Amino acid sequence: MELSFQLYSARNFLPWDKVLSTLADLGYTQVEGFGGVYEAPETFRELMEQYGLTMPSGHFGIDALEGDFDGVIARCEALGIRSIFCPYLDADQRPTDAAGWSAFAHRLAAVNERVRATGRRFGWHNHDFEFEKMADGTVPQTVILDEAPEIDWEADIAWIVRGGAEPLDWIEQYGPRITAIHIKDIAPAGQCEDEDGWADVGHGIVAWRNLINALKSSAAVSHNVVEHDNPNDFERFARRSIEALRKLNEVQHA
């Protein structure tokens, strides 16, 4: 499994050259971009190349995708991004019923057509709110995937769990749509509260062995992205997570 690292996880531990050097030394070969690294894409590309890293995927918000599409593609070209994922909707932008989510899905479908025309792939990255039933019974993630049937899905497994859903069920139903995953973990109740309850991968409650087996069987994952939304020690998180995933891989191939 070739591992990528979502750079959002290291946003509080700059400078970026130190972050990239650490990731390369630990054995990561890829990184996933977010808004904090797009200001000078050519310079950032040179920095990645210095440490033997590539950026095959990146996050871009819906406002940028709809309002500055050419700028987004220019940044992707400079950085080498081939898969674009729309990562989030602020609470005040989220629809409140099935019709609203259907309309949003159609916006994503329109963006997808433009992205695919550039030779790239496009998809949605989930949090927890997409799995919380609304008053009319609508599950937003179902609407997004069903009403925009051509888009990919970057499945953030731990957020699915926090949304009260069972990841294995979603993998079984929508596996072929899952072209990327966020690999992160949830701490046992009462632990890691200073890190918003997230844990280093392999040190929490998410059953990653079963999930990886299911993903290998049912999904089409090209990007395996390690992430922690708020680590208090970036190097510790990156190191312990890649060590745990290596051990898991060794067990599976023993």
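The following paragraphs examine the structure supplied in this document. (Residues numbered from 1 in each chain as written. Predicted model: local features only at pLDDT ≥ 70, side-chain atom pairs only at ≥ 80, totals over all residues. Heavy atoms only, no water.)

### Quick look at the overall build of the protein chain
Inference 1: Of regular secondary structure, the protein chain possesses 10 helices and 10 strands.
Inference 2: In terms of C-alpha radius of gyration, the protein chain reaches 18 Å, essentially the compact-globule figure of 18 Å for 254 residues.
Inference 3: Its C-alpha atoms give the protein chain principal-axis dimensions of about 50 × 40 × 35 Å.
Inference 4: Sequence separation of 24 or more characterises 75% of the internal contacts of the protein chain that already satisfy a separation of 6 or more.
Inference 5: Accessible surface computed for the protein chain: about 11100 Å², of which carbon and sulfur atoms make up 47%.
Inference 6: Of the side-chain charges in the protein chain, 22 are positive and 42 negative, and the distance between the mean point of each set is 4 Å. (Helix = DSSP H or I, 4+ residues; strand = E, 2+ residues; numbered from the N terminus. Rg over C-alpha atoms; globule rule 2.2 N^0.38 Å. Contact = heavy atoms within 4.5 Å. Areas by Shrake-Rupley, 256 points an atom, 1.4 Å probe, with all protein chains shown as cover. Lys, Arg positive; Asp, Glu negative; His and termini not counted. Charge placed at Lys NZ, Arg CZ, Asp CG, Glu CD.)

### Looking at the packing of aromatic side chains
In this description, a pair of aromatic rings is defined by centroid distance and the angle of the planes.
Inference 1: Under the criterion given, the structure shown has 18 aromatic pairs.
Inference 2: Ring centres of tyrosine 8 and phenylalanine 34 lie 5.5 Å apart, and the angle between their planes is 85 degrees; this geometry places the pair in the edge-to-face category. Taken together, the positions of tyrosine 8 in the loop between strand 1 (3–6) and helix 1 (16–26) and phenylalanine 34 in the loop between strand 2 (30–33) and helix 2 (41–50) put the pair 26 residues apart, joining distant regions of the chain.
Inference 3: Aromatic side chains tryptophan 159 and tryptophan 198 sit 4.9 Å apart centroid to centroid with 75 degrees between the ring planes, which places their arrangement in the edge-to-face category. Of the two residues, tryptophan 159 is situated in helix 7 (residues 157–162) and tryptophan 198 in strand 9 (residues 198–199); the sequence distance between them amounts to 39 residues. (Phe/Tyr/Trp six-rings, centres within 6.5 Å; stacked < 30°, edge-to-face > 60°.)

### A short note on the sheet that holds strand 5 (residues 121–125)
Inference 1: Here eight strands make up a closed barrel; going around it, the order is 1-2-3-4-5-6-7-10 and the pairing parallel. Pairs of neighbouring strands in the sheet enclose a mean axial angle of 30 degrees, with direction left out of account.
Inference 2: Where strand 6 (residues 152–156) lies against strand 7 (residues 178–183), four bridges are found, and the strand directions are parallel. Across the sheet, the residue bridging to tryptophan 153 is isoleucine 178, located in strand 7. (Pairing = 2+ DSSP bridges. Axes fitted to C-alpha atoms, helices over the stretch in contact; angles between N-to-C directions.)

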